[in-house]
Amino acid sequence: MALTKYQQKRDFKVTPEPKGGSGPKASAKELSFVVQKHQASHLHYDFRLQWNGVLLSWAIPKGPSPDPSVKRLAMPVEDHPLEYGGFEGVIPEGQYGGGTVMVWDRGYWVPEVPDVDKALREGQLKFSLHGAKLRGSWALVRTGIGGSPRTKWLLIKHRDDHASSDDITVAKPRSVISKKLLADIAKANGGDIVKAAKADPPRKATRA
Ligand code: MN
């Protein structure tokens, strides 16, 4: 069962995250994707693609970049349930991934390879994203750099009309579903507002 690792890491009596297995059925037509900004022990962006009934997941410390010359490190993490894509809120401190979670972008993705399972095995997945912030053609590429015991991938934007040198994580810091900043989400859900605010862009000083 693909969600075993996900469920073993969490105490669902304590965390408000979805347990999985009882969520909405996969859409027959579109494959969803979501990017969740997650201020845990370290800030990262969880990049998730719906495949085979779960959300395949990578943690991207610096977040996605629409600049084709910028390759972003993406560490594979455990599969998540499909309904996790709608989760925005606070994971209690002391729990796995404790901190504030924002739905930073979401939409659907389209494979640009004939066989996704084969592409994943070979570490070369090409796809297009149809989100509110992320669009156009991208690749996830597995790399052996560093000889680390943990497999690393890179998320890379392909050159197309949606490529840009903008720093999208800075330019578009708000939730795509609630329009809130991370600190607002922490505040609304009883989380650590000061910790969450560290991952928001600096607020303009109010003049007296
Ligand atoms: Mn995370």
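What you are looking at is a predicted structure, and each value in this text was computed from that prediction instead of being measured.

Caption draft 1: A look at the layout of surface pockets. Quantified by volume, the largest pocket comes out at close to 400 Å³. In this structure, the largest pocket is lined by 21 residues; those nearest its centre are His44, Asp46, Ala59, Val77 and Tyr96. Counting only elements with at least two residues in the lining of the largest pocket, the list comes to β2 (43–51) and β4 (72–81). Taken as a whole, the second largest pocket holds about 340 Å³ of empty space.

Caption draft 2: The nonpolar core, seen in detail. Counting residues in hydrophobic clusters, the biggest one holds 44 residues, and the most contacted among them are Phe47, Trp109, Leu125 and Leu140. Apart from residues lying up to four places away in sequence, Leu140 is in contact with Phe47, Leu49, Trp58, Ala74, Gly123, Gln124, Leu125, Phe127, Trp153, Leu154 and Leu155.

Caption draft 3: Structural context of empty space enclosed by the protein. This structure, assessed with the given rule, holds one cavity of 30 Å³ or more. Roughly 40 Å³ of internal volume is contained in the largest cavity. Lining the largest cavity are Gln39, Val90, Ile91, Glu93, Gly99, Thr100, Gly191, Asp192, Lys195 and Ala196. If you list the elements that add at least two residues to the lining of the largest cavity, you get β5 (89–91), β6 (99–111) and α5 (193–197). Tallied by class, the residues present in the lining of the largest cavity amount to three nonpolar, four polar and three charged.

Caption draft 4: Structural view of the pairing of strand β7 (residues 124–131). Pairing analysis gives five bridges linking β6 to β7, with the strands arranged antiparallel. Across the sheet, Trp109 pairs through a bridge with Leu129, a residue of β7. Two strands pair when backbone bridges link them, and β7 and strand β8 (residues 135–143) are joined in this way by seven bridges, in the antiparallel orientation. Note that in β8 the partner of Phe127 across the bridge is Trp138. Hairpin connection between β7 and β8: a loop of three residues separates the two successive antiparallel strands.

Caption draft 5: The coordination of the manganese ion, seen in detail. Around the manganese ion, the protein contributes the donor atoms His38 (ND1), His44 (NE2) and Asp46 (OD), which lie 2.1 to 2.3 Å from the metal centre. All donors to the manganese ion come from one chain, and their sequence spacing reads H-x5-H-x1-D. Across this residue pair, the class does not change: His38 and His44 are buried.

Caption draft 6: Quick look at the pairing of strand β9 (residues 152–157). Most of β9 is tucked away: five of the six residues are buried. Looking at chain direction, β4 and β9 are connected through three bridges and run antiparallel. Opposite Ala74, over in β9, you have Trp153 as the bridge partner.

Caption draft 7: Summary view of the packing of aromatic side chains. Following the criterion strictly, the structure yields nine aromatic pairs and no others. A centroid spacing of 5.8 Å and a plane angle of 85° characterise the contact between Tyr6 and Tyr84, whose relative ring orientation is edge-to-face. One end of the pair, Tyr6, is in helix α1 (residues 4–8); the other, Tyr84, is in the loop between β4 and β5, and 78 residues separate them in sequence. For the residue pair Tyr6 and Tyr84, the accessibility class agrees, reading buried in each case. Clustering of aromatic rings is evident, with ring pairs tying together Phe33, Phe47, Trp51, Trp109 and Phe127.

Caption draft 8: Geometry of the side chain of Ser128. Within the fold, Ser128 resides in strand β7. Within the structure, the side chain of Ser128 is placed 3.2 Å from the side chain of His130, a separation counted as a polar contact.

Reading the values: rules and limits
Residues numbered from 1 in each chain as written. Predicted model: local features only at pLDDT ≥ 70, side-chain atom pairs only at ≥ 80, totals over all residues. Heavy atoms only, no water. 1 Å grid on protein atoms, 1.4 Å probe; cavity = no way out; pocket = protein on both sides within 12 Å on 5 of 7 lines; lining within 4 Å. Points joined across faces, edges and corners; volume = space filled by probe spheres on them. Helix = DSSP H or I, 4+ residues; strand = E, 2+ residues; numbered from the N terminus. Core = buried A, V, L, I, M, F, W, Y, C linked by side-chain atoms within 4.5 Å. Buried < 20%, exposed > 50% of the residue type's maximum accessible area, 1.4 Å probe, protein only. Contact = heavy atoms within 4.5 Å. Nonpolar A, V, L, I, M, F, W, Y, C, P; charged D, E, K, R; others polar. Pairing = 2+ DSSP bridges. Donors = N, O, S within 2.8 Å, 3.2 Å for Na, K, Ca; no water. Phe/Tyr/Trp six-rings, centres within 6.5 Å; stacked < 30°, edge-to-face > 60°. Polar contact = N/O pair within 3.5 Å; in protein donor to acceptor, adjacent residues only side chain to side chain.

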